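# Inside the fold
Each chain is listed here by its residues.
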Amino acid sequence: MARKFNKVSLIGKFQSAEGTETVLELAHFLRGREMEPWIEQGTAGAIGKAADDFMSATYEEIADQSDLVVVIGGDGTLLNAARLLGERAVPLVGVNLGRLGFLTDLSRAEACQQLGAILDGHYRAESRFMLDAEVTRDGSRIFHTQALNDVVVNRGKLGRMIELEMMVDDEFVYNLRSDGMIVATPTGSTAYALAANGPILHPGVGGIALVPLCPHALTARPITLPDSCRIEIVLMPPHDARIHFDGVTYCDVHAGDRLRIVRSALEVRLLHPEGYGYFAMLREKLHWSAAMPQP
């Protein structure tokens, strides 16, 4: 049964003229349907006086009281919103202003029409799992967060390789000399991991991909693990490194620091337009089956 949406909130990409225009267009559209949308506080501030006609709200208020959140921007904007909305699992709809938009389905040109159909109950709902990641130093936690796409250990500012000890469920895998390691969810398998020749994981697959970044040993290949696994990565001496979470936040680490990754109890709930298909999306974004250029 389709869910009824009473409170809809809008979150936009900062410093984007297209984003400002689309946020206001959607806000007026929702008001035309006798709804009073909220505009996220930072988004409203970036828009300026034109947003004064609408209520603004913090992420905490949006998470607590919204039935639906519309994110206007690219995948990065949606990833950041998903993280900040925390444990509430408020359904998200993305309006694509970016280049690829694997997560943001609605087109800017038809955003009002497509959102209207979703509000009328014509949508496909999907849940995507997240990763729970913590960094410990000398047995004490120094950083903890969630990631929807990936956790990436890389060499940071170094001009040389780093060495990582890899463990899965307390079983030693190998010592990896490389530029780093990507730990990706199925959602993140079409992000940085794809550029590093990792596998594409269907969102329905309960798997986590380990994708080495420029490994010294050519036999160090991507591995897909069950999402029940506990992954541990220890940075070996003498180098420091940096760990990125969804490309949004990061933690600088030193030799001996330990990264632990498990499947999170949190999930992100996405709403797609009716007729959405995963492989149709891949064909469009990755230009599969495109006509070959004529000589």
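Nothing here was measured: the structure is a model prediction, and the numbers come from that model.

### Observations regarding the pairing of strand 10 (residues 162-168)
Here strand 10 lies mainly inside the structure; five of its seven residues are buried. With seven bridges connecting them, strand 10 and strand 11 (residues 171-178) associate as antiparallel partners. Across the sheet, the residue bridging to Glu-163 is Arg-177, located in strand 11. Hairpin connection from strand 10 to strand 11: two residues lie between these consecutive antiparallel strands, with Asp-169 at a positive phi of about 50°. With five bridges connecting them, strand 10 and strand 15 (residues 231-235) associate as antiparallel partners. Bridging across to strand 15, Met-166 finds its partner in Ile-233.

### Regarding the sheet that holds strand 9 (residues 150-154)
Taken together, the six strands give an open sheet; going across it, the order is 14-13-12-9-16-17, and neighbouring strands pair in antiparallel fashion. The open sheet has two free edges, formed respectively by strand 14 (223-226) and strand 17 (249-253), since each of these has just one partner strand. On average, each strand axis in the sheet is inclined to that of its neighbour by 15°, with strand direction left out of account. In the sheet, strand 9 pairs with strand 12 (residues 180-184) via five bridges, with the strands oriented antiparallel. Paired with Val-152 across the strands is Ile-182, a residue of strand 12.

### Observations regarding a nonpolar patch on the surface
Together, Ile-200, Phe-279 and Trp-288 give the surface a local cluster of nonpolar side chains, amounting to about 290 Å² of exposed area. Along the polypeptide, Phe-279 turns up in helix 7 (residues 278-286).

### A word on the packing of aromatic side chains
Following the criterion strictly, the structure yields three aromatic pairs and no others. Centre to centre, the rings of Phe-143 and Phe-245 are 5.1 Å apart; their planes meet at 20°, and the pair counts as stacked. Here Phe-245 lies in strand 16 (residues 241-245) and Phe-143 lies in strand 8 (residues 140-147), a separation of 102 residues in the sequence. What makes Phe-245 buried here is its relative accessible area of 0%. Ring centres of Tyr-278 and Phe-279 lie 5.6 Å apart, and the angle between their planes is 75°; on these two criteria the pair is classed as edge-to-face.

### Observations regarding the layout of surface pockets
Empty space within the largest pocket amounts to approximately 460 Å³. Along its surface, the largest pocket is lined by 24 residues, and Asp-75, Gly-76, Leu-79, Asn-149 and Ala-191 are the ones closest to its centre. Looking at the lining of the largest pocket, the element that brings in the most residues is helix 4 (residues 75-84), giving four residues. Here the residues of the lining of the largest pocket sort into 10 nonpolar, nine polar and five charged. What the second largest pocket holds in volume is close to 220 Å³. Contributing to the lining of the second largest pocket are Asn-96, Thr-104, Asp-105, Pro-273, Gly-275, Tyr-276, Gly-277, Ala-280, Met-281, Glu-284 and Lys-285. Among the elements that take part in the lining of the second largest pocket, helix 7 stands out by supplying four residues, more than any other. Taken together, the residues of the lining of the second largest pocket break down into four nonpolar, four polar and three charged.

### Observations concerning the environment of Arg-269
Assignment of secondary structure puts Arg-269 in strand 18 (residues 258-273). By relative accessible area, Arg-269 is classed as partly exposed at 31%. A C-alpha to C-alpha distance of 18 Å links Arg-269 and Ser-189, two positions 80 residues apart in sequence. Apart from the residues within four sequence positions on either side, Arg-269 is in contact with Ala-89, Val-90, Pro-91, Leu-92, Ala-125, Glu-126 and Ser-127.

Conventions we followed
- Residues numbered from 1 in each chain as written.
- Predicted model: local features only at pLDDT ≥ 70, side-chain atom pairs only at ≥ 80, totals over all residues.
- Heavy atoms only, no water.
- Buried < 20%, exposed > 50% of the residue type's maximum accessible area, 1.4 Å probe, protein only.
- Helix = DSSP H or I, 4+ residues; strand = E, 2+ residues; numbered from the N terminus.
- Pairing = 2+ DSSP bridges.
- Axes fitted to C-alpha atoms, helices over the stretch in contact; angles between N-to-C directions.
- Patch = residues over 30% accessible without salt bridge, like charges linked within 9 Å, V, L, I, M, F, W, Y side chains within 5 Å.
- Areas by Shrake-Rupley, 256 points an atom, 1.4 Å probe, with all protein chains shown as cover.
- Salt bridge = Lys/Arg side-chain N within 4 Å of Asp/Glu carboxyl O.
- Phe/Tyr/Trp six-rings, centres within 6.5 Å; stacked < 30°, edge-to-face > 60°.
- 1 Å grid on protein atoms, 1.4 Å probe; cavity = no way out; pocket = protein on both sides within 12 Å on 5 of 7 lines; lining within 4 Å.
- Points joined across faces, edges and corners; volume = space filled by probe spheres on them.
- Nonpolar A, V, L, I, M, F, W, Y, C, P; charged D, E, K, R; others polar.
- Contact = heavy atoms within 4.5 Å.

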